[in-house]
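Coordinate analysis (summary)
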Amino acid sequence: MMYQIYPRSFQDSNGDGIGDLRGIINRIDHLSTLGIDLLWLGPIYESPNDDNGYDISDYRRIHPEFGTMEDFEELLSRLHQKGIRLIMDLVVNHTSDEHQWFRDARRSKDSPYRDYYYWTHQPNNYVSYFGGSAWEQTSETGASYLHLFSKKQPDLNWENPKVRFEVYDIMKFWLDKGIDGFRMDVISLISKRLPFKQSSSTEMKFLIEEHYANGPRIHEYIQEMNEEVLRHYDIMTVGEGPGITKSHAVDYVGYERNELSMIFHLDLMFMDFGARGKFDYQAFPISGVKKCWMEWDEAMKDLGWNNIFLDNHDFPRMLSRFGNDRHYHFQAATLLATLLLTFRGTPCIYQGSEMGMTNVQFDSLDDYDDIELQNFRREHVGPGKMPEDEFLKIAHIQARDNARTPVQWSSQENAGFTKGKPWIKVNPNYKEVNLDKCQNIFEFYRDLIQFRKKHPDLVYADLHNLDTEHDTIFYYSRGKYSILLNMSDEVVETYALGLERASVLISNYNIDTVIGPNRSIRPWEALIFEKTD
Ligand code: TEU
Ligand code: CA
């Protein structure tokens, strides 16, 4: 299974308040004890950090904040010694505007790098993920360039074969160092619908699905990438797929497609986004999780493979968003662990989940770092617009910073993350929520990961949904194992299991060892049992 590190917030080693590679090296035993097979390391390349590393200005240099190339090579070899593979973040839908390609391209229409990007004198009505127009005018030539994300993240023009082969060279540079693959940032967006036309709606979900994602040459590009690079290495790839719907998914991961090993879709993550995006928050019922996941498993079945996750550095922490981080902290944390580690697909655990980390509730909007939030604030919050205290409440629910506060290792100062001033405030609950105090959650993850390794049905067997009706009960089988989860604060009385007896193999209440045909299911109870009838 996979574990994601957001390097800025994982572990600082030199007291500058920023997580770094040496800090990860110092925590390798933690990762090894947890039992992870594969580490997804977020961007560590040169970047002005407009979008915290997802705006890359030099793809072949390690950002000095994170350390040196030697540190990276030491990390890679130590992970390999522990049998842990490493994949890196490939961010090639866009570069930073400080990348030398763009610095040259913007100067003049005659720049050899001009058509590495998209330029126009008639911007259409595309909207950026981070607010405002997706076009930015430049003073040098008066033309505007496309940026689906921040102004400092100009989109690369994949129509240009020079761009594609520059990317393939970058990939080979890292693969030849021995990395084990890539997580591909917004890979579903790299093929644009040309010529750019007006959209009939500027609602984000519509723009993503109808204009930005799954463009006409997307599979040609990924198959060429596979032909030129991927198939020559023993690696795995996982594509981040905004806008990839169930009907498109198999085109990216079908076994005979020669494209990607797996994708992760964002259907569940975007479930509570309103017309104006995530800060136009529309609460959704927990039954939405079950519906979304079961439909995706049905769609993929034996045609392709999914990456299973419930949070990452872009979304609120799963324990707060889908669990109950106040009254059932341990049970909800371990139930979500059970869902991640028994559902069909490769699970990805986000840093801090193994010690029950939760969302943060900063007192001031100034405590939030994320460009996505601060851009929305500048555009929509203040006198005559949304009141600050109303937006602060939404930030508590939806801000990406919820997942970016420093990992809480102990109840020492700054939760053991740094001896300096952290780049973003530590969650004030670190005295109660940290690895030392929540060893029971860590041990549940460790034991369940071991259990999963010893029981291949939990990795390879089909998934059969055993309860299609109940809103909050997940009840499914994977080969000879049944998994029963109650994603609610309510006791579900005399739940008809439909079988005579079963021996409980894993439980997060550690009470029953055998269960019978009818039993009440406790709030946030997670059970794995083997059918005995
Ligand atoms: O995220 C792109 C994406 O589809 C969303 O997660 C988006 O970032 C936003 O949170 C939805 O409101 C990837 C990276 O994971 C993200 O950190 C970057 O900001 C983005 O691409 C641009 O590189
Ligand atoms: Ca540091």
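My aim in this report is to walk through the structure given alongside it, one point at a time. All values reported here derive from a predicted model rather than from experimental measurement.

**Quick look at the pairing of strand β9 (residues 181–184)**
- Side chains Gly181 and Arg183 project from β9 onto one buried face, and the interleaved Phe182 and Met184 project onto a second face that is buried too.
- Pairing of strand β5 (residues 85–90) with β9 involves three bridges; the strand directions are parallel. Paired with Leu90 across the bridge in β9 is Met184.
- Note that β9 and strand β10 (residues 236–241) share four bridges and pair parallel. If you follow Arg183 over to β10, its bridge partner there is Val238.

**Overview of the pairing of β10**
- β10 sits mainly inside the fold: six of its six residues count as buried.
- Neither face of β10 is exposed, since Met236, Val238 and Glu240 on one face and Thr237, Gly239 and Gly241 on the opposite face are all buried.
- Sheet topology note: the β10/strand β11 (residues 262–265) ladder contains four bridges and is parallel. In the sheet register, Glu240 faces β11, and the bridge partner there is Phe264.
- On the question of chirality, the crossover connecting β10 to the parallel β11 by way of helix α8 (residues 246–253) is right-handed.

**Here's the deal with the sheet that holds strand β21 (residues 514–515)**
- Strand order in the open sheet made by the six strands is β16-β17-β18-β23-β20-β21, with antiparallel pairing throughout. At either end of the open sheet lies a strand with only one pairing partner, and these are β16 (463–465) and β21.
- As judged from the three bridges shared by β16 and strand β17 (residues 473–478), these two strands associate in the antiparallel manner. Across the sheet, residue Leu463 finds its bridge partner in β17, namely Arg478.

**Some details on empty space enclosed by the protein**
- The tally for this structure, following the rule as stated, stands at five cavities of 30 Å³ or more.
- The space that makes up the largest cavity amounts to roughly 100 Å³.
- Lining the largest cavity are His265, Leu268, Met269, Trp293, Trp296, Asp297, Asn306, Asn307, Ile308, Phe309, Phe343 and Arg344.
- Secondary-structure elements contributing two or more residues to the lining of the largest cavity are α9 (287–300) and β14 (307–308).
- Grouping the amino acids of the lining of the largest cavity by side-chain chemistry returns seven nonpolar, three polar and two charged.

**What to know about the site of ligand 1**
- Contacts to ligand 1 come from 22 residues, most closely from Asp51, Asp185, Asp314, Glu372 and Arg400.
- At 2.6 Å from an oxygen atom of ligand 1 is found a side-chain nitrogen or oxygen belonging to Asp51.
- Taken by itself ligand 1 offers 490 Å² of open surface, and the protein chains cover 99% of this.
- Considering only residue class, the shell around ligand 1 consists of ten nonpolar, three polar and nine charged.

Parameters at a glance
Residues numbered from 1 in each chain as written. Chains lettered and ligands numbered in written order. Predicted model: local features only at pLDDT ≥ 70, side-chain atom pairs only at ≥ 80, totals over all residues. Heavy atoms only, no water. Buried < 20%, exposed > 50% of the residue type's maximum accessible area, 1.4 Å probe, protein only. Helix = DSSP H or I, 4+ residues; strand = E, 2+ residues; numbered from the N terminus. Pairing = 2+ DSSP bridges. Right-handed = clockwise from strand over helix to strand, strands pointing away. 1 Å grid on protein atoms, 1.4 Å probe; cavity = no way out; pocket = protein on both sides within 12 Å on 5 of 7 lines; lining within 4 Å. Points joined across faces, edges and corners; volume = space filled by probe spheres on them. Nonpolar A, V, L, I, M, F, W, Y, C, P; charged D, E, K, R; others polar. Near = heavy atom within 4 Å. Polar contact = N/O pair within 3.5 Å; in protein donor to acceptor, adjacent residues only side chain to side chain. Areas by Shrake-Rupley, 256 points an atom, 1.4 Å probe, with all protein chains shown as cover.

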